[in-house]
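What follows is the residue order along each chain.
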Amino acid sequence: MSNYNAYFEIASIFFLVLILLLVSIKRQLDIVQNKIFYWGIVLMLFLNIVDALSANLINYESIHSGQKVVSIYIHWGLSILTFLIQQILVQLFLVYVTIATRDIGEKAGLPFYILSCISIVYYILILSTPFTKWIFFFDEQGAYQYGPLHSVLHITPAIFGLYACIRMLLDKKRFGRMQKIYVVIFAAILTIGTLLQVIFLPNYLIIYFLVTIILTAVFFTLHSPDYYLDKTTMAFNHEGLMVMINERITRSKPFSVLFLSICDFENIKDGFSAENKKHVYSRLCQKLFKIPKTDVFREEDRLYILFNDTSKAEKYDKMVEGWLKDGIKVEGMHEPVKIVAEMLSFDFPGRIHTVEEFNSIIKYFVMGNYYKSYNVLQFINEEFFQKKKRYEDVRRLIEEAIRTDGVEIFYQPIYSTQKDTFLSAEALVRLKDRQTIGFVSPEEFIPIAEKEHLILQLENIILREICRFVKQERLQDYGLEYIEVNLSGNQCMQTDLYEQLHSLIEEYEISPGFINFEVTETSAIDNSECLIQNMQQLLDYGASFALDDYGSGCSNLQYLVEFPFEIVKLDKEIVWTYFGKGNQKVKSVLPLSVNMLHDIDVRIVAEGVETEEQKDELIRMGVQYLQGYYFSKPISEQEFIQFLKKHNSCV
Ligand code: C2E
Ligand code: CA
Ligand code: CA
């Protein structure tokens, strides 16, 4: 049992010192896992030194046939110390994995208690072995001998290691596929190594060496500090932020965040290369690094400054604002590049409780829902939370509507002044009220659906609902000539809009001439090329178009000439202004518009007609169609059918 060889320990020591050096040079996230990893390396180093010492001593004495160099107590002490450290190390490994895979507020659980008992038994067996000789002992020549329970030295760490590995492999959120493959490979190497040593190479201590090699591999793969670094600025990256926030929240450690969402750079004449942009970011981060007791994180155009305490962000906001306003000097540019950013600050604990909440606040903020002015710190207050909550409730309602086809279409009849009957109607979407947040106006939920990229799914359901109704109730039979359908800006942008609409209209066997699409001016401006192409195809197919909300924006003639609109809808506002008490100049917009539209031969719909006086005056001006509460509010399908039965004589 003697003649140990300590070459492997020497090699281990070399590797471990190397990792320790690297660990201390590289910037590390200030999280418990990193501390555990660090102390794991230190203990491993200590273990190898003690082990090498102990093995060499035993070796020396047995070669020199029992000649004592040190007292037998030292041998006992060194061996016991080795095995104690060995167990502490596997326990550290387990803690490391547990922290990495733990959910917020997760309790220890049964495996923890079982493993703790095993560990206690192990320590008792090791510490009592000088008396019991169950694990190991030294014979008369001072040679190391196995006791009957010697295998405990291998079995206990194996149980701990196995449990830690299983925990990692079962983790769904935090460990990716590649990381799990590494874990399996490392575990396999260690198991095979242990078996090899026990069976074939009792004189070499290769297990510790293998562990060292694996630790080195872990350092460069699973635990690499580079993984959390943003190469451009040497700040930490978004992954690092998530790990850090997660740990802070899990351990209830307070922090505050100063968040910068960079929107623009000023003082740039023409051309600002990606290189320059990197330069600005890296210089800005260098300034931010100077703020004491903080960590800086970068995620593209977003910077997060994390303070180790609450309310700290507010103490440094003026300084940061100053840096943004003064700008960053860039080589080759005369003036410093000024930075335009939205700034937000918030604390934990306080306004946020989970990582999801953290992310949803940032998301809500950067979508431009809340900021009031640039380069001025905003706080998360009651108003912020209420607005955010409303936004999220509406989003949930939209998602639910998409899931359950839960939209309802209301129809607002449109009166033909020439034929004195209702020739068309505008389809207006309603979200079905699910007793949660009550009625939500399309004016509120359509923009949210657009921001959340849910609009196309929603629009699809809306169009399908309209087509189904048109087909099912045979609306033409009631004297209707067409239905007006609103198209959002996003829809106008779809290159396959024509294919989508075409296939839907065909599926429900509707005459294409029965659909008139309403497009607002802003959608037209934003997507002109693509829209014209779509419009042309749909026109060739037989559908028609109306320009919606005319007079609400910067209406100009150009669109009417450029786009093939057959109908123009005068916005409620200019109708109301005309009939209101306002000044004469503004009032003249309506008659001027009507005359001009007559001249270019488009038909006119006036929206928002609420009184008889308004109706008569608009008829006198020669407006062909009227829509508004005077005739009817938007009404449900059933009410709409009743309405047509009552008013349209041709049934
Ligand atoms: P819009 O296209 O201008 O629709 C007309 C809006 O004016 C409707 O509001 C209608 O209820 C309201 N209105 C009509 N006559 C009167 C009146 O005499 N007095 C007053 N005070 N209001 C009147 P609604 O239904 O709340 O829709 C608001 C906006 O939501 C619509 O404005 C439209 O831009 C959008 N929208 C509605 N349905 C859809 C849809 O299916 N798709 C898309 N993309 N947008 C839709
Ligand atoms: Ca409309
Ligand atoms: Ca309108």
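A.B. asks: What is the right way to read the coordination of the calcium ion (ligand 2) from this model?
C.D. replies: For a metal with four donors in a tetrahedral arrangement, the ideal angle between donors is 109.5 degrees, while six donors in an octahedron ideally sit at 90 or 180 degrees. Note on the calcium ion (ligand 2): its protein donors are Glu426 (OE), Asn486 (OD1), Glu518 (OE) and Asp548 (OD). The metal-donor distances range over 2.1 to 2.3 Å. In primary-sequence terms, the residues that donate to the calcium ion (ligand 2) follow E-x59-N-x31-E-x29-D. The two metals, the calcium ion (ligand 2) and the calcium ion (ligand 3), are separated by 3.8 Å and share Asp548 as a common coordinating residue. Here the residue Glu518 occupies a position in strand E11 (residues 515-520), and Asp548 occupies one in strand E12 (residues 544-550), the gap between them amounting to 30 residues. Residue Glu518 is classed as buried on the basis of its relative accessible area, which comes to 1%.

A.B. asks: Hey, could you run me through the packing of helix H1 (residues 7-25) against helix H2 (residues 32-63) in this one?
C.D. replies: The description of two packed helices rests on the angle between their axes and on the distance between the axes. Running from amino to carboxyl end, H1 crosses H2 at an angle of 155 degrees, the nearest separation of the two axes being 9 Å. In terms of their interaxial angle, H1 and H2 are classed as roughly antiparallel. Crossing hand, H1 versus H2: left-handed. Contacts from Glu9, Ser12, Ile13, Leu16, Val17, Ile19, Leu20 and Val23 of H1 reach H2 at Phe37, Tyr38, Ile41, Val42, Met44, Leu45, Asn48, Ile49, Asp51 and Ala52. Grouping the amino acids of the contact of H1 with H2 by side-chain chemistry returns 14 nonpolar, two polar and two charged.

A.B. asks: Help me understand the coordination of the calcium ion (ligand 3) in this model?
C.D. replies: Protein-derived ligands of the calcium ion (ligand 3) are Asp548 (OD), Asp549 (OD), Glu607 (OE) and Glu607 (OE), with the metal-ligand distances lying across 2.2 to 2.7 Å. One chain supplies every donor to the calcium ion (ligand 3), and in sequence these donors are spaced D-D-x57-E.

A.B. asks: Please clarify how the environment of Asn381 should be interpreted in this entry.
C.D. replies: With respect to the helices and strands, the residue Asn381 is situated in the loop between strand E7 (377-379) and helix H12 (382-404). Other than its neighbours up to four places away in sequence, Asn381 contacts Arg351 and Tyr370.

A.B. asks: Even after reading the chapter, I still don't get helix H10 (residues 313-326), so can you show me in this structure?
C.D. replies: Spanning 14 residues, H10 covers 20 Å between terminal C-alpha atoms, matching the ideal 20 Å at 1.5 Å per step. If you look at H10, its biggest bend is around 25 degrees, right at Met319. Where H10 is buried, its residues meet strand E3 (255-266), helix H9 (274-289), strand E5 (302-307), strand E6 (338-348) and E7. Directly beyond the C-terminal end of H10, a positive phi value near 85 degrees is found at Gly327.

About the thresholds
Residues numbered from 1 in each chain as written. Chains lettered and ligands numbered in written order. Predicted model: local features only at pLDDT ≥ 70, side-chain atom pairs only at ≥ 80, totals over all residues. Heavy atoms only, no water. Donors = N, O, S within 2.8 Å, 3.2 Å for Na, K, Ca; no water. Helix = DSSP H or I, 4+ residues; strand = E, 2+ residues; numbered from the N terminus. Buried < 20%, exposed > 50% of the residue type's maximum accessible area, 1.4 Å probe, protein only. Axes fitted to C-alpha atoms, helices over the stretch in contact; angles between N-to-C directions. Parallel < 35°, antiparallel > 145°, perpendicular 65-115°, else oblique. Left-handed = near helix turned anticlockwise from the far one by under 90°. Contact = heavy atoms within 4.5 Å. Nonpolar A, V, L, I, M, F, W, Y, C, P; charged D, E, K, R; others polar. Expected span 1.5 Å × (residues − 1). Bend = angle between axes of the 7 residues up to and from the residue.

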